[in-house]
Structures are given as structure tokens and as C-alpha cells.
Amino acid sequence: MSVTVIQMSALLSSTIFAPSEFTRFLLPTHSRLQLSSLTRYRSGFNLRTCRPLNLRCCSTMSLQHQSGNPSCSQDSLFYSKAFWVTKSIIAWNVGAGEGECYLYASRKAGLCVADDGIQGHDVKIKLEWTNYGLPRQVIEKFPHIRDYAAFEVPATLDFQNLVKCQLAVGIFNSDGKCASATGLQLPGILDELFSYTGPLGAVFATEAVSLYLWAPTAQAVQAIIYKSPSEADPVEIVQLKEFDGVWSAIGPRHWEGCYYVYEVSVYHPSSLRIEKCVSNDPYARGLSADGKRTLLVDVDSDDVKPEGWDNLQDVKPNLLSFSDVSVYELHVRDFSANDPTVPHEFQGSYLAFTLQDSAGVQHLKRLSSAGITHVHLLPTFQFAGVEDEKHKWKNTDIEKLNSFPPDSEEQQALITAIQDEDGYNWGYNPVLWGVPKGSYASNANGPCRIIEFRKMVQALNRIGLRVVLDVVYNHLHASGPFSDFSVLDKIVPGYFLRRNADGGIENSTCVNNTASEHFMADRLILDDLKCWAVHYKIDGFRFDLMGHIMKRTMLKAKSLLNSLSTEKNGVDGSSIYLYGEGWDFGEVANNGRGINASQFNLFGAGIGSFNDRIRDALLGGSPFGHPLHQGFVTGLYLEPNDHELGDKANVERMLTVSKDHIQVGMAANLRDFVLTNCDGQEVKGSEVLMHDGTPVGYASSPNEIINYVSAHDNETLFDIISLKTPKDISVEERTRMNHLATSVIALSQGIPFFHAGDEMLRSKSIDRDSYNSGDWFNRLDFSYNSNNWGVGLPPKEKNERNWPLIKPRLADPSYKPQKSHILSAVENFLNLMQIRYSSPLFRLRTANAIQERVRFHNTGPSWIPGLIVMSIEDGHQGVPGLSQLDPIYSYIVVIINPCPTDVSFANLALRAKSLQLHPVQMNSTDDVVKNSTYDASLGCFNVPARTTSVFVEPSLLSNDHMYRAFFRIVGAS
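Computed from a predicted model, the values in this text were never measured in an experiment.

1. Considerations on the overall build of the chain
Part 1 of the reasoning: Tallying secondary structure elements over the chain gives 26 helices and 40 strands in all.
Part 2 of the reasoning: Here the chain has a C-alpha radius of gyration of 30 Å; the compact-globule value for 973 residues is 30 Å, and the two agree.
Part 3 of the reasoning: Along the first, second and third principal axes, the C-alpha atoms of the chain reach 95 × 65 × 60 Å.
Part 4 of the reasoning: Taken across its 973 residues, the chain has 63% of its residues classed as buried.

2. Digging into the packing of helix 16 (residues 612-619) against helix 17 (residues 648-666)
Part 1 of the reasoning: Two elements in contact, helix 16 and helix 17, have axes whose closest approach is 9 Å; the angle formed by their N-to-C orientations is 140°. Between helix 16 and helix 17, the interaxial angle falls into the category oblique. As helix 16 runs across helix 17, the sense of the crossing is left-handed. Contact residues: I614, A617 and L618 in helix 16; S658, H661, I662, G665 and M666 in helix 17.
Part 2 of the reasoning: Class assignment of the residues belonging to the contact of helix 16 with helix 17 gives a composition of 5 nonpolar, 3 polar and no charged.

3. Digging into the pairing of strand 17 (residues 246-252)
Part 1 of the reasoning: Relative to strand 17, strand 13 (residues 208-214) is paired through 7 bridges, and the arrangement is antiparallel. The partner of S210 across the bridge, within strand 17, is I250.
Part 2 of the reasoning: For strand 16 (residues 241-243) and strand 17, the ladder comprises 3 bridges, and the chain directions are antiparallel. Counterpart to K241 in the pairing with strand 17 is S248.
Part 3 of the reasoning: Hairpin remark: strand 16 followed by strand 17, antiparallel, with 2 residues in the connecting loop; positive phi at D244, about 50°.

4. Considerations on the sheet that holds strand 38 (residues 933-935)
Hydrogen bonds along the backbone pair up the strands of a sheet, which may run parallel or antiparallel.
Part 1 of the reasoning: Here we have 3 strands laid out as an open sheet, ordered 36-39-38, and antiparallel in their pairing. A strand with exactly one partner marks an edge of an open sheet, and here the two such strands are strand 36 (903-906) and strand 38. This sheet shows a mean twist of 15° between the axes of neighbouring strands, independent of strand direction.
Part 2 of the reasoning: Taken together, the 3 bridges between strand 38 and strand 39 (residues 940-943) define a ladder with antiparallel strand orientation. Bridged to D935 within strand 39 is C940.

5. Some points on the environment of I896
Part 1 of the reasoning: Turning to its location among the elements, I896 is positioned in strand 35 (residues 889-897).
Part 2 of the reasoning: Note: C-alpha distance between I896 and A945 (49 residues apart in sequence) is 9.3 Å.
Part 3 of the reasoning: Beyond its immediate chain neighbours, meaning those up to four positions away, I896 contacts F632, M666, L740, V744, G866, L867, I868, T947 and T948.

6. Focus on the packing of aromatic side chains
Part 1 of the reasoning: Using the criterion set out here, one finds 36 aromatic pairs in the structure.
Part 2 of the reasoning: Between Y708 and F753 the ring centres are 6.2 Å apart and the planes differ by 85°, which places this aromatic pair in the edge-to-face class. Of the two residues, Y708 is situated in the loop between strand 31 (705-707) and helix 18 (717-724) and F753 in strand 32 (residues 751-755); the sequence distance between them amounts to 45 residues. F753 matches Y708 in its accessibility class, with the two residues each being buried.

7. Digging into the sheet that holds strand 13
Part 1 of the reasoning: The strand order across the open sheet built from 4 strands is 12-13-17-16, with neighbouring strands paired in antiparallel fashion. Every interior strand has two partners, whereas the edge strands, strand 12 (201-204) and strand 16, have only one. Adjacent strand axes in the sheet meet at a mean angle of 30° when their direction is disregarded.
Part 2 of the reasoning: Here strand 12 runs beside strand 13; their pairing, made up of 4 bridges, is antiparallel. Paired with G201 across the two strands is Y212, which belongs to strand 13.

8. Considerations on unusual backbone geometry
Part 1 of the reasoning: With a phi close to 65°, I766 is a non-glycine residue in the positive phi region.
Part 2 of the reasoning: Locating I766 in the fold gives a position in the loop between strand 32 and helix 20 (774-777).
Part 3 of the reasoning: Of note in the backbone geometry, N788 takes a positive phi value of approximately 75° without being a glycine.
Part 4 of the reasoning: Checked against the element boundaries, N788 lands in the loop between helix 20 and helix 21 (796-799).

9. Some remarks on the side chain of D660
Part 1 of the reasoning: Counting through the fold element by element, D660 comes out in helix 17.
Part 2 of the reasoning: As a buried residue without a salt bridge, D660 has its nearest oppositely charged side chain in K659, at a separation of 6.1 Å.
Part 3 of the reasoning: Sequence-distant contacts of D660, defined by excluding residues within four places in its chain, comprise T676, N677, C678 and V688.

Conventions and cut-offs
Residues numbered from 1 in each chain as written. Predicted model: local features only at pLDDT ≥ 70, side-chain atom pairs only at ≥ 80, totals over all residues. Heavy atoms only, no water. Helix = DSSP H or I, 4+ residues; strand = E, 2+ residues; numbered from the N terminus. Rg over C-alpha atoms; globule rule 2.2 N^0.38 Å. Buried < 20%, exposed > 50% of the residue type's maximum accessible area, 1.4 Å probe, protein only. Axes fitted to C-alpha atoms, helices over the stretch in contact; angles between N-to-C directions. Parallel < 35°, antiparallel > 145°, perpendicular 65-115°, else oblique. Left-handed = near helix turned anticlockwise from the far one by under 90°. Contact = heavy atoms within 4.5 Å. Nonpolar A, V, L, I, M, F, W, Y, C, P; charged D, E, K, R; others polar. Pairing = 2+ DSSP bridges. Phe/Tyr/Trp six-rings, centres within 6.5 Å; stacked < 30°, edge-to-face > 60°. Lys, Arg positive; Asp, Glu negative; His and termini not counted. Salt bridge = Lys/Arg side-chain N within 4 Å of Asp/Glu carboxyl O.

What follows is the structure, given as C-alpha cells:
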């Protein structure tokens, strides 16, 4: 009989969830979490629709019995605690010798638990205990179940049909009573039997279109073909045929331009039913505007290529080495949504990047001319959270927003009231990885999004900027059989998503973690990367939460992309750079699901990871600590605020330790770089430790480190400086602190990374998580009139606890920068980039070159607090020793002074050199840095307060030759 709604409530309140478990599931675990998207395996209740699921309960079993023995009750089938790891082995965490074990299968999903066993089955198979445990290869694939018992499965079974059924295992006591029952997780056997490397998605030939779908657990699949994106009646319904888990059909070429969906009949463990799931194609390359239908589009057709597209590789900016990369992180909508020089219909779109005379494009040209090589675009694939049809968006009255005080709650209240119905979201809510987001296109139906995305890439390449895509392969926005945003979990339920030991979906990334350790999930990621690289000529990929992806997937990705050639693929894959967030947490921590792509595991891989060590040392604390915790550039020890950090000696120690962390970072955070630490000891980068004992240095080469001080996550650089610094300093001083932080990143070895607007003192009104804060809090102003400071208290959801700190700062008019401050920040940034690209010594290519040439001088326990002095030495032509890399400069000294006063520093090793202030700084409008001096007789430098000064020694070239060569380099960069 069916369980009533009242009985369902009783089950939920008693046996399914422990209170702490239910709370953990409901509470957000990541800033981008959207509860409306969640469904959960093993819950018996659909949290998205709030509807009870159709539980089956055998008449011989009472609800009292269920709560009395939850290991063998009807709700136990909502758990999947057993793992079918190979076709011959099922793993289950039960004690040896507990009783006889059976495998049950039901084609119609009719299994139910009774006192005397599991009923409703079509097949019942006895399993045999084994004494030798799980094989080594199984433990390598599933390390989290290494201690599970192994049950042997008969070799004569019809495995291909069994995996299409509802499956369960049960153990029985000697008296025949059920001791334990559970469902099964199938990725192991699916990988063994159905791993597939052939075509998937829509494949276009001269006379036909073929459809291929990998769905080995499906019982039936049909493609429903529509003439248009919105017509209710299909023009054709095609039954797909299966061979070895792949369903396929062949149709006429005139299908091109039509739309389709798959209807997949498949057992779904979240509902315990055979569901008819309607889904987009996981390999979709186009979509309808409402996102509900897949467009049949041939991305190789000339009809979807802008003029000159096939020859774009010939005009891409040169990249000699990954050490030459510098990254500018930008959101597509931020770039132009508020730019009055962009026509309204182009604002917030791909096409805004094609307008050569807009303020934003003019700014990008300045960045490119100064040396920036790559623009990193936040997610541009199809994501949830923003309707693609613009007429559905809600907007707020800008004049009304402007009427409120700078510290008012009103602005955020109006913005958050429509935040899920406006045109803004960062985009970390993946639905389909291989389709450009429709909301950025002029028309979300048809091929416009493809054409306009390509025009954007083309336009950026032509102004000297390569394009990086932010890819989010670690999670999906939705799961289960019902959500319009669920795709992969409708096609092969329980396979593409990573599940815990009970069968629940892991949510540590945010929601719906994906499982790249499974063969076809790994393959989908690789296929998607190749699609973007070949069909959209993308120059680099930034992997969101890369640590949740397996290392072998990342290595395959690097190898695959590197194999692409201009002759065969129209792109030079060897110039595609990969980097990402190598954080090690959640179920994958400490290689919990296999060797993951974490910071330490990627040593030697040639893949970059973000260096949080240098970020935290520069700013202070961490994004998760007290917001007033100061760091190297925000006044630690030198200009303390009101936050208590201990006695003076302790705070001074914190500053010296922070300086060590920064110096390791400036040497590309190399694991084996040797320097003198704050205690006067010679140590390697890996022997400089963080507060928890974790090594600071972990990279093997400069290409493996992304140095940064701010990104889209957390407060902007100017906001965090404004929050952490003492209230009584001026905005001019905060501006110089902004310069100082930027200079450390710009002049370090490794890859420098900058958040769009850092160079303009960008503010989000101290919003620490603006992912859904609308255009209002995320505005960029390329006219340099405003930095967006003081546009109201930031949204309550993520910031309310800091409102008491934020409010008085926003209310104080002295905090707000004027246009002169913004212009000085822009010039400072451009100057720093010109300096970086004026010499290859700032962009050394190997760890050995950095060790040989880079030195830090103000080290040990007795030197000037805070001051960083770095030298970089070149060889001399015809002189034994170091090779000559730079024909212009033979020696460079960088001095970073975070102190509120001028500082003098003398060192015998730096005497008798022909050092002079870098010509870029000598010719800048910054009168402060021009006061920097060097006395060769004493080896003494004088550097103004809160200033980074760069001194250079010309090589044996004449000064005239040096200047001409220098300006050639700057002009070409």
C-alpha cells in the first residue's frame, strides 16, 4: 500500500534524518548555494517541489517495525550504501559472516521491504562473501570504501539489463529475518562495462544528422523534434536504439535548425520509480531562449562563423612562454552594463566587446598596450539564475537608488527584492557546460549566441588580448528527475554526481558535486574543453574549485589541449594555459576520492593554482577571519587599527612572518626556493610555514603559481583596505596602499592576476560576496568619475554581521575617492605593467633561474620592519656565470615600503652599482616615487612612504640604445 502524507511526515521526523543531518543539508555551504535547486537522494521527500514521493510499503511490514529496525525498513531503500564496483564484486560496509546476502532487481521499480525479505523483485541472486577484501584497483578508484566487505557476483548474469532495474541488496539472519537492506551505487560497474569513446551529441554529415546519447541505465529513449523553440507540437518523435549503453538515431539533414529534447525512461534513486525524464542533450551546442530545448546546430558551418574566423589563429597575440601571462578577471555584464558609451541594446552583452570606441574597450586597449595578455571571463556557459529572455527581467529605478544616503539599507533592500529576477548573476550555477549563455546574446534563440560569442573572442584577440574561460566542472545547479535545470542526473541518475557513503549527493562545493573520477564524467569534461578550444578558439581555462576535480582529469586536459595544432584544429593548443583553485576540502580532501588537483598534488604538472598565501599575508587574516585583521599593506604593526592582535612583540612577529610569506610568493611560491627567513635561518619555501603548519611554498615552476590579492570572491582590494586600515588616515594614503598591493603582484615571479577594477580603486560598497547583488553593487565606471563607493550598505544576506563596521565608513565622505585618485591608480597600474614587461627578469621561466637570480636583502631578525628588498641579476655578455637574458638591464632592485614614513636602507652587496630609478617611474606623474634615491657609495636607498620603487642598472648598451630598446618593448607589449 502507499504511504499517506501524514505517514510520510512521521517518517521524516523519525528515521530518515537526524536533526543535525537535516540542518547540515539545509544550511548553505557556499556563497552561491540556491536552495530552490536542491533535491536529495535518500530523502523520500522532494525538497524542490515539497511533494511526497510515492513510497511503497509491503503490507506485512508496519511503520513501527521500520522505526524499530531502520537498517532493514522501507526507507532504507532511499539509501544506497552498497557499491557495485566491478561486474563481479559488490562492496558493502557490513560485518563478515552476518548472514546470507542477496541481490534483488525489479524492472518496474517494485521493490519493497518486508519482515521476511525484499519483495516485488523480478530477480533474486545469492551473493558470496569473500575473505580477501576489495582488490587494489577498486581501492584506487574508490578509496573511501577501502575497508568494505566484498561480495562475489555470479559471472553468468545479464549485467546490461540488470543495471536498468531498481536494485537492492539484503542480508538475512539465521532465522531468515532481514538484518539490513540498501540500494546500490553503480558507477563502478558502469565504467567497467560501458566506458565509451565514440561520438556523442548531434553529429552532422552531408545528408544526415545522427544523435548519440550515453545512457546505459535507461530502459527507453526517444528524441522529440520541434520545428521552433516554442511550438507545442513536435514535428517528429524518434525512438533511439541502444548498443552497449549508447542510444542513437539517424535523421535527415533538414533537422538542422530544429530543436529537440530527450525523453529518457530510467530508474531514479531519488524517487524509487521509473521516471520519464525530459532533458536537454548533455552535449548540446545550442539552446532555445527558455533553455528547455536543444538547438540542432552545426558549429562548423560557415553560417555561424564571423568573417575571418577560420584565420583567427594568425592574428592572435604572440605568447612566447606561459611566464609572460598576466590575467585580468572580468564579468561580461560588469564590462558594459553601465557604460553610457555603449548603445543600450549592446550593454551587458558579448557584442559590447566589439565596439572599438567605447570607454570600456579603450580601457582594455590601454591594459593590453601596457602588457596585460589575457582577459579571464567569469562563467559564460549556460547557467541558471538569469533568464535568457530579457523581457522577463525586473529592474530597479536608478534615480530612486541614487536618492538614498551612502550608508542606507534601502538600496540593498530594493536590489535583493528582485535579485533572482534581474539580469545579473556571476554564473556559477552550471546547467550545460558546452553552450554560450543566452542572456549575453542579442537573441537567445537560434545561433546568435554562438556567432556573437565568437565575435567577442575575435575582437579581444585583435586588440592584443587572449581569452580565458572560467569553467565550473565541479558541480551542477540541479539534480533529480523533475527540475528543468537538471540534465546529467536525468540521463544517468546517480552516475555523474558524487555521492557519499549513504548515497546522498555530496554538496561541499556548493551543491551537486560532480564525479570526475568516473570515466564518462571525466570524458565529458575533456570533450567540453576541446569544444571551447577548437570551436571558440579559447586561449586558457580557469577551473573553479579545481581541487574537487581529479588530478588525472587535469593532466589529460593539459595533454589533450597541448595536442591541438593549427594545421589540424585551427588552434595552437600549446599556448592554452590552465589554472584554477587548488583548495583541498570536503570529501576530496587528503585524496579522499583519489588524487585530486590540489595545490600540493599539482607539483610538476605545469598547471597554475591560486596562491592564497600571498593574498592573506598582504591583506591580513583570511576571507574567513575577522574583517579588521590587518596585513602587510593594510597597516599591520605599522599603523594599527582597533582590532586586538596581542602585545607589540606578537604583532611585530606577525609582520615579519607575513613578509616571509610574501617573499616566498614573490619567488613564485617555489617549494625549493632558498631564502633567509625572519629568524635568520636559510630555509626552503616549503619550510616556511603557515599558522597551521602547512607549507607556504609548493610550486615546482613559475608557471604553476597565480599570485593575486583580490578576485571576484570577497571584498574588492580598495574595499578591504578601507575596512582594515585606521579610520583617521586619508583616502590618498589608502590609494597608495592600493598601489602597493598591486605592485607586489605585478613585480613577482609567477603569473600575476588582477580583479577588474583594482586599477580603478573599484568598490562594491564593501560587499563581500556580490554574486547576486545586481548591476548596482557591481558597477564599473570606465570614465573614471566614480569607483562605486558608498552606494548603500551591501546586501544583508552575506554582510549584515559587518554592517556596524561598514556603516560609519560609508557615511564618512572622506573615504570616497575623487576622480584624481582613480586616475592616479590607473596610471600606477599601467606603469607597473610596463615595468614588468620592460625586462624578462621579471618573468623568469624556470625555478633554477629564479633561484640563481632572485635575492631578498632585508632579511633576518634585526632589519627594518616590513621593508621588502628584492634584487634580480642578469648575466653579462662575454662574462662567465649567468647567461644574459636582458639586453637592456643587468640588475634590478625592487623596494617595497609599506611604512607610513620614508625609509632608508643600505646594504654592502648593493654598493657601487649604476642603479637609477626605472624610466617609467621617472616619467610618471607620481611625484612621490620620483623622490626615491640611490647612493652608490653607500649602497643606500631612500624610498618614500607606502611606495614601491624600482631601480635598474643599464647593461653595457649605451644609454641611447637602452632607451630606444626599452620603448620598443613597451610599445610592442
